[in-house]
Structure formats: structure tokens, C-alpha cells
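# Observations on chain architecture
Residue strings, one per chain:
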Amino acid sequence: MGTIHYFAKLAATCRTVFDGMAITFSHLMRKPVTTQYPDRMDVRVQDTLPYRYRGMLEVDLEICTGCLACERACPIDCIVIDAKKDKEAGGIVMTRFDIDMAKCMYCGLCSEPCPTGSIHHTPEFEGADYSLESLVHRFIDEPVLAFKPKKGVEPDPAIAPLLERGTRYLAEFAAPAAPATKPAPKEAPSGSDDAAG
Amino acid sequence: MQAFVDGLIAAGWFAALPTQVVYALAMLLAGALVLFVFIRLVAGSTTWVERRIWARIHSRVGPNRVGPQGVLQWLTDGIKLFMKEDLVPAAADARLFRLAPYVVLMGFVATFAVIPFGSRLVIAEMDAGLLFVLTVTSLIVVGILMAGWASNNKWSLIGGIRAAAQIVSYEIPAGLSILPIVLMAGTLNLQELIRQQGWAPWEWYVFANPFAFAAFFLFFTAALAEGNRTPFDLPEAESELVACFVTEYSGVRDLMFFLVEWGNLYVIGALVTTMFLGGWNAPVLSNSVAVQTVVEFLVFFAKAYFWVFVAIWIRATLPRVRVDQLMSICWKYLVPIAFANAVAMAVWVLVFPSGQPAVAAVMTALGGALIVAFFARVAFHLRRARVRSRQRLTLSPFA
Ligand code: SF4
Ligand code: SF4
């Protein structure tokens, strides 16, 4: 090791330490980039997620037709529906609609065949809970009459927006798989023809 | 402090007690005050400061939940450690294992006997103060070796041996870089050293001449290595040695090692301040002794704590060196340079026995230029951050 090499090394040490310290010092004046989830944020994370985010499942019972398509589609049987034809009530009466979110793998297979977009994913992802039982989401407390799709425009102003959301959801989320089942009323008619044929 | 106690005795207090007992009690009281109030607070809050500063350098936020901005984080950490079980491994040498943290703590706390807080605030004004500090801090090596050996764990042992090798080696450049200052001042008494300097930067020893300036950097580097701080924190190289000699420790004993680690930073800062940076010297702001004492304390504390900050900042900047690099830095670079520096200083003192004010002025200007150059470089990096990554800038420490 020559003398020049020795001093060159020393100089390099001083220079690099000097510059390194300057870089780290400059970082003291930069704003931290940390997102302080969950309580110190300007907006909830859920609101920033994309529309097609597959979070916890939600059922709009008002537009559920009781067709059981979702129950059949689920590969791991998370969904349990009890529905019976009841002449007196004038349609299908549903007494139970449970989804076991502890088992669910968020594959989205259930929401694709739904004719009305009733069962759908929400951006809600905070599913932590103290017991497995409370992760079984029960959507029906007392028997309800299932929804019957009407021809043309939905007259009930309470249901129309739900249906609107459902069809939009299906169009965006489940469109590629649409031919397998009868699509939503407002879907392209060619698809329903194929299914009928 | 002795003068203060003498004054009390003369005023007729403690008339019933022999003077020696009064002195002993006063020492005990001062020791307890320093230990329980000052060291606890400084070492404790430094853990929080350190974590916040690292976080900012990493563009993170750091602990900010316990108390306003997380200032009480160190208290909760301490309480948590207190409640942990105090384990002694079955195969350990129980007696040595239990004793080691106290030895380490003793070596560290004893330095506070001579480290001043102000012109009147010092526990013991010792003529061989500097020597005393160097000596008692060696006790830490003994404690670390004890801990490493008694744990009966290969990581602890390797860590302990590394720490011992490192501390013993770096003691030499540290001593050799203290030597120039001692030659210049002609005293080992810390208070006397400070009294010889003034409050203005051009009266500080660091700027007295080029050799003192070099000695300052040499000493700070060697002191970092002695305190097992990054980039020389080989004994606690987590990736290689788990936690080195503290691997087997838990609870309060673990806490003691941490107290020493963080408290040691302050000791390094205090020594640097005392020898090179004018200590507690402050312009006379008030005729009242009490006010002036407080001012002196604040000046000293601010200077010493600045070096704590620098050590933290270095830790966030430099990578850890390898074992062989550690040794070559010490023996091939620091020792010869510090030795040449000491000899040069001896010649300088021989030629200019009473100093050279002109040289001091030039050195001060040089130091100022260095700081200006540094901030210019910082500004350059900030501009780049804004252009390249559109990072938002802020001067608030709590943003
Ligand atoms: S998302 Fe998948 S797993 Fe979950 S309920 Fe629907 S089909 Fe079943
Ligand atoms: S597929 Fe849709 S409409 Fe059919 S039962 Fe499930 S949620 Fe109701």
C-alpha cells in the first residue's frame, strides 16, 4: 500500500462521510411519507379503493331474487340460503341468508352469476373480530319475500337505485362471465338469447 | 460543590455531625440526584429522540402515540421492561451474570462524578479528572466481558470478546487525541480546562490550532468506537450476533445495559464539549449567581446534547464496518495519525507556548466555512429531492 494510496483513502473517507451526512441531514427536512392508518388519515382507506376491490361481501336483500345462484357458485360453501316457494305470500320466501366470512376467500365467484347484482363485494376490509361465530354474517332476521324483477323500468323509487347499482356492478365486475347465466335485465339481449337457446 | 457544603457547615448547619459524615451524606445525595433525575431523564428521553430522528431520516414518523408526539414512549418501554421476568439461564454462571450489569452501570455513572454541569455545578473537581474518566469507563469493558462470559452463550461470548478488543484498541487513539489538549492546557482538571477557554468559538480549543482541530475529529471517532456506537457497533451486530452480550438478559438488567448505551452518548458529548468546545462558558448575562448557573448549565447541556444528536445522525448514515476493517481503522489510521498529531502538537506548544490568536481566528473561519459548505450540500440534496421525487419539504420536527 503506497503512501499516496493511504492518503487517498483517507480523503475519500472524509469526502464520502461528509456527503452522506449531508444527504441524511437533508432528509430531516423532508415530510415523512408514512400513512398513519387507521386513525390519522384525511380519508378512510376504504374510500380510496377502486370500485372493483373485492372486500367483504354485502347482500342487498331488497333486490335478491332468491335464485340460489350464488350459493351454488361458491366453491367452498360459505353461503347458506333457505328459500321456499310460498303460494299464499305470492313468491319465494327467504328465511335465511348467511355468509361465513371466515371461510370466504374473496374469489368473487358468487357475485358473477347473481342476476341483479344483489350480492357484491364492498371495499370494506377490516374484518378482524373476536370470534369465528361473529364472522358469519346473517342478512335475514325474519322471513322476507324475494324480489321479482319487473318488465321495463323499476317503479319503486326505493329499489330503483339499488338495481341501478347492481347492474352497474355486474357490468363492470362480472361482464366476461355473463353468458353462463341469465344476465341482468338491462344487459345486452344477445346474451340472454344464447342462454335461452 | 465542596465549597457549597463547606459554606453550610460554616453557617452552623449540621453542627451535631462530624464533617466527614456530612461530606459523605452530601455525596450520596448528589449521586442519587444525578442518577435518578439526570441520567434517567437524559438516557430515557434520548431513546425517544433517537427513534424520532432515525424515523425522519428514513422518511417515517416514529413513535408518536404515547403522550404528545410520543414523548412518554421511553417511560412505557421502561415500565414494560420492569415487568418482564428476570431470567438467569440454567447454564449461566449465575453470580457473574447478575453482577455484570451493575459493573457496567458503575463504570458509566462514576464518570458523572467529574463531568461538570456548570462552573459551580460539579460533584467533584478532581485534578486528574480526565484520567479518572478514562479509567472508570474501562470498567465497562470488564462488565461486558463478564456478561459475555457468564451468559454461557456463543453469541454473547463472541460479542463480549469483540467489545473488549474494540474498546481496548480504541482507548489508544482516544488517549492520544486527548494528549494534544492536555499538552496545550497543561492540566487534567476538567473544570480548569473549561476555565481556560472562553464562550466565543475562537476561544475554544478546537479552533486553537490545526492539530487541536484534527484531535477533535480523532477523539470523537475513537469515542464513538469506545461507546460501541455505529459505525463501530460490532458487539451488537444483530445480523451476526443476535444481541451480543445482552442476548440472555431480560427485564431490569437488560434495561441497565440500554441505560448505559444511551447515557454513554451524553458522556461522550460532555467530554467533547469540555475539552474542545468551551464547556459551560457563557457570556455574563446576569449578576445573579443562580441565573448565571442556569445559563451555564443550559449552554453546556445544549453543546453536549448536540453531539448526542450527531451520534444518532451518524448511526442513521453510516453502515457498520467489518471486524477486520474496525481493527485496520484503529491501528493503521487512527493510532498513527493521532500519534503524529500529538507529536506535532508538542512541537507547536514548544514554539508558541502561549497560543497564536491569529491562527485561532483562521481556524475558526475555516470551521465556519466547513459548516457553510455542509449546508450548501444539504441544500443541493434538498433541491434534488424536490425536482426528482417531488418530495414535500418541511422544517417542523413534528410534521
Ligand atoms: S367470494 Fe368466493 S368464497 Fe366468498 S362467498 Fe363468494 S364464492 Fe364463496
Ligand atoms: S345470486 Fe343474487 S339474487 Fe340469487 S340468491 Fe344470490 S344474492 Fe340473491
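Scroll up to find the structure this text is about.
Residues numbered from 1 in each chain as written. Chains lettered and ligands numbered in written order. Predicted model: local features only at pLDDT ≥ 70, side-chain atom pairs only at ≥ 80, totals over all residues. Heavy atoms only, no water.

What follows deals with the site of ligand 2. Every one of the 13 residues lining ligand 2 counts as a neighbour, but Cys64, Thr65, Cys67, Cys70 and Cys114 of chain A are closest to it. Taken together, the residues of the shell around ligand 2 sort by class into ten nonpolar, three polar and no charged. (Near = heavy atom within 4 Å. Nonpolar A, V, L, I, M, F, W, Y, C, P; charged D, E, K, R; others polar.)

What follows is about the site of ligand 1. By nearness alone, 14 residues border ligand 1, and Cys74, Cys104, Cys107, Gly108 and Cys110 of chain A come closest of all. A breakdown of the residues in the shell around ligand 1 according to their chemical character gives twelve nonpolar, two polar and no charged.

What follows concerns the nonpolar core. Membership of the largest hydrophobic core comes to 110 residues, with the highest contact counts inside it found for Phe112, Phe219, Tyr266 and Phe276 of chain B. Counting residues per element, this core draws most heavily on helix 10 (residues 251–276) of chain B, at 14 residues. Contacts of Phe276 of chain B, omitting those with residues within four sequence positions, involve Ser177, Ile181, Gln197, Trp204, Tyr205, Val206, Ala212, Ala215, Phe216 and Phe219 of chain B. The next biggest cluster of nonpolar side chains, apart from the first, holds 21 residues, and it includes Cys74, Cys78, Ile81 and Ile99 of chain A. (Core = buried A, V, L, I, M, F, W, Y, C linked by side-chain atoms within 4.5 Å. Buried < 20%, exposed > 50% of the residue type's maximum accessible area, 1.4 Å probe, protein only. Helix = DSSP H or I, 4+ residues; strand = E, 2+ residues; numbered from the N terminus. Contact = heavy atoms within 4.5 Å.)

Below, the discussion takes up the packing of aromatic side chains. Enumeration according to the criterion identifies 33 aromatic pairs over all chains in this entry. Seen from the ring of Trp155 of chain B, Lys154 of chain B lies directly overhead, with NZ or CZ sitting 5.4 Å from the centre. (Phe/Tyr/Trp six-rings, centres within 6.5 Å; stacked < 30°, edge-to-face > 60°. Lys NZ or Arg CZ within 6 Å of the ring centre and 35° of its normal.)

Below, the discussion takes up the environment of His381 of chain B. Checked against the element boundaries, His381 of chain B lands in helix 13 (residues 357–388). Taking C-alpha positions, His381 of chain B is 47 Å from Asp127 of chain B, a pair spaced 254 residues apart along the chain. In contact with His381 of chain B, other than residues within four places in its own chain, are Asp19, Ala22, Ile23, Ser26 and Arg30 of chain A.

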